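Secondary and tertiary structure notes
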Amino acid sequence: MPLFGNRLPADVRSRLAGERVLSYAATPSGGYAVATFVALHLPGGERVPWHTVDKASWDETGMNITTVTGGVYRVDIEEPGFLPETIRERVQNSIVANRYVKLTANAGVRFIARRLAGTDTIEWELAFDDGLDGGDPGVLAAAEQALEQVRRSLGV
């Protein structure tokens, strides 16, 4: 985002529902990727809240965004400006806690607590190692018990 000139068009700003813009970058097709205080707005109209971003990666032509639910978005961007730094800061800011607990001798689960932007609400994400079935009632019970211990130890 340039410091002077090249302001975000009014029609793009109007679709942000009053969210405060932190940075943005134009796409070759004339769209914009816009980082606000609470979400990343993609050119196609998709809104990705920060607490749902699992990973963002950049290459010479743009960015890839992966969400915790497995959604994958590709956005081509010629000049990213401050957008990469903003995305990194907002995603990191959403993470309250990140703990790994072994459930078996060879595998475990990572607990990630994320705060919804602008609120005190915390959502927990469970990422099971390969070889553990998070849908198995026994594994899920062990994970829930471990999560309760993590929550108590962190006061979250």
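Refer to the structure presented above.
Anyway, here's the lowdown on the structure attached to this text. Because the structure is predicted, anything quoted here is derived from the model rather than measured.

**Topic: the packing of aromatic side chains**
A complete count under the given rule lists one aromatic pair for this structure. On the basis of an interplanar angle of 65° and a centroid distance of 5.9 Å, the ring pair of Tyr 24 and Tyr 32 is categorised as edge-to-face. Each member of the pair, Tyr 24 as well as Tyr 32, is classed as buried.

**Topic: the sheet that holds strand 1 (residues 21-26)**
What the four strands build is an open sheet, ordered 1-2-3-4; its pairing is antiparallel. Edge strands, defined here as strands with exactly one partner in the open sheet, are strand 1 and strand 4 (47-49). Strand after strand, the sheet turns through a mean of 15° between neighbouring axes, direction not considered. Across five bridges, strand 1 lies against strand 2 (residues 32-36) in antiparallel orientation. Its bridge partner being in strand 2, Ala 26 is matched across the sheet by Tyr 32. On top of the sheet, helix 2 (residues 83-94) reaches strand 1, strand 2 and strand 3 (39-41); it is set at about 135° to strand 1, its chief contact.

Cut-offs and rules
Residues numbered from 1 in each chain as written. Predicted model: local features only at pLDDT ≥ 70, side-chain atom pairs only at ≥ 80, totals over all residues. Heavy atoms only, no water. Phe/Tyr/Trp six-rings, centres within 6.5 Å; stacked < 30°, edge-to-face > 60°. Buried < 20%, exposed > 50% of the residue type's maximum accessible area, 1.4 Å probe, protein only. Pairing = 2+ DSSP bridges. Helix = DSSP H or I, 4+ residues; strand = E, 2+ residues; numbered from the N terminus. Axes fitted to C-alpha atoms, helices over the stretch in contact; angles between N-to-C directions. Contact = heavy atoms within 4.5 Å.

Take it as geometry only, folks, not as evidence of what the structure does.
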